[in-house]
Amino acid sequence: MAFNVLISDPLSEDGIQPLRAADNINIKIDTGLSNEELADRIGDFDALLVRSQTQVTRDIISKGKKLKIIGRAGVGVDNIDLNAATEHGIIVVNAPNGNTNSAAEHTMAMIMSLSRNIPQAYHALKNHKWDRKRFVGVELKNKTLGVIGLGRIGTEVTVRAKGQRMNVIAYDPFLTEEKAEKMGIGYGTIEEVLSKADFITIHTPLLKETRHLINARAFQLMKTGVQIVNCARGGIIDEEALYEAITAKKVVGAALDVFEKEPFHDNKLLELPEVIATPHLGASTFEAQESVAVDVSHDVVGFLTGESVQNP
Ligand code: NAD
Ligand code: MLT
């Protein structure tokens, strides 16, 4: 029996070798489809592989009459309607480990860029402005980094921040005193972490409970002069509240890799000089993209050929 697999977001070619190597799997790569086009075509496929761009909606899932498995080459599964998949008996697998380092490194790059105004200074110099006074930064050493969400990426960021001699304090519902002590960090309630940090970095998934976790009330709790980084998901920070907090000079720097609406061509946060940004590049390294594609391809091959899956 042969299976048809549709890949609807760009995935690493080396990473999908396990699928190419399987005798009974036909691969179709069709990226950039609209939701309507995907809904029209999904009926022919046994498996769908996506990254974060394809929105796997209830409509698409219900039209996937042969669909058995959806593979997400990455961590966040917020672009897949999990309830609809479960109701239709479709398994969803992700690749939780492959991009951890890349996302942590990107977060550190954002923290360091913020602290020394590197993107702003680069932009000024490219526009022929030699301006040393405007871009005086702050050291990271002895500053407090507040980590919200101490899972895989939050933990890797913590290790790197300690290497920069930062003090780290974290909030995660599963963080215990024992674990914090072992990691050599402080811990507290979310309110305590938000109110003590000089830099804040978010590493939770986007869930019903974390949507607008960082809202106007959260900004009120923060120190004046705080800087904030979001390399997790758009929607965890309320963008309107962030805009207000920056224009009120409460927040003096924000580094955003993810946004409430993606992709976009216009976002008023980008008009603020305090905001630096990248277009969802946290996992965009050759290593991470190969790794997540390999992991998810193995799971799809394993599932279709009746073996076990690693990351349901
Ligand atoms: P993880 O599951 O290992 O860690 C998430 C942590 O968040 C868990 O420890 C969990 O207990 C904690 N958490 C859940 N709800 C919370 C809350 N209300 N307050 C505080 N903590 C809470 O996931 P991970 O691998 O560390 O990835 C985190 C997120 O980063 C992913 O869900 C994904 O959305 C995002 N991500 C983004 C990129 C990117 O390209 N920018 C790359 C990889 C991952
Ligand atoms: C993820 O959740 O893994 C990230 O968003 C990375 C991505 O797929 O772009």
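Residues numbered from 1 in each chain as written. Chains lettered and ligands numbered in written order. Predicted model: local features only at pLDDT ≥ 70, side-chain atom pairs only at ≥ 80, totals over all residues.

The name an unreviewed UniProt entry assigns to the chain is D-3-phosphoglycerate dehydrogenase, from the organism Virgibacillus phasianinus. Recorded under Sequence similarities (unreviewed entry), the UniProt text for the chain is reproduced unchanged: "Belongs to the D-isomer specific 2-hydroxyacid dehydrogenase family." (UniProt positions renumbered as here; feature names shortened; annotations may be inferred.)

Thoughts on the overall build of the chain
When its secondary structure is counted, the chain shows twelve helices and twelve strands. Relative to its length of 312 residues, the chain is compact, with a C-alpha radius of gyration of 21 Å against a globular reference of 20 Å. Counting over 312 residues, the chain shows a buried share of 42%. For the chain, restricting intrachain contacts to residue pairs at least 6 apart in sequence, the fraction spanning at least 24 positions comes to 61%. (Helix = DSSP H or I, 4+ residues; strand = E, 2+ residues; numbered from the N terminus. Rg over C-alpha atoms; globule rule 2.2 N^0.38 Å. Buried ≥ 20, exposed ≤ 12 C-beta atoms within 10 Å, placed from the backbone. Contact = placed C-beta atoms within 7 Å.)

Structural notes on the site of ligand 2
Surveying the vicinity of ligand 2 reveals the residues Arg51, Ser52, Gly74, Val75, Gly76, Asn99, His280, Gly282 and Ala283. Tallied by class, residues from the shell around ligand 2 come to two nonpolar, six polar and one charged. (Near = placed C-beta within 6 Å. Nonpolar A, V, L, I, M, F, W, Y, C, P; charged D, E, K, R; others polar.)

Brief notes about the site of ligand 1
Around ligand 1 sit 32 residues, and of these Gly76, Gly149, Gly151, Pro205 and Gly282 come closest. Those elements that provide at least two residues to the shell around ligand 1 are α5 (100-116) and α7 (152-163). For the shell around ligand 1, the leading source of residues is α7, giving three residues. Taken together, the residues of the shell around ligand 1 sort by class into 16 nonpolar, eleven polar and five charged.

As for the packing of α5 against α7
Running from amino to carboxyl end, α5 crosses α7 at an angle of 50°, the nearest separation of the two axes being 9 Å. Classified by the angle their axes make, α5 and α7 are oblique. The two elements α5 and α7 cross, and the hand of that crossing is right-handed. Residues Thr100, Asn101, Ala103, Ala104, Thr107 and Met108 of α5 touch α7, and the partners they reach there are Arg152, Ile153, Glu156, Val157 and Arg160. For the contact of α5 with α7, the per-class residue count stands at five nonpolar, three polar and three charged. (Axes fitted to C-alpha atoms, helices over the stretch in contact; angles between N-to-C directions. Parallel < 35°, antiparallel > 145°, perpendicular 65-115°, else oblique. Left-handed = near helix turned anticlockwise from the far one by under 90°.)

Remarks on the sheet that holds strand β2 (residues 25-29)
Strand order in the open sheet made by the five strands is β2-β1-β3-β4-β5, with parallel pairing throughout. Two strands lie at the open edges of the sheet, namely β2 and β5 (91-94), each paired on one side alone. For this sheet the average axis-to-axis angle between neighbouring strands, irrespective of direction, equals 20°. Where strand β1 (residues 3-7) lies against β2, five bridges are found, and the strand directions are parallel. Note that in β2 the partner of Leu6 across the bridge is Lys28. Sitting on the sheet, helix α12 (residues 286-304) is in contact with β1, β2, β3 (47-50), β4 (69-72) and β5, with an inclination near 165° to β4. (Pairing = 2+ DSSP bridges.)

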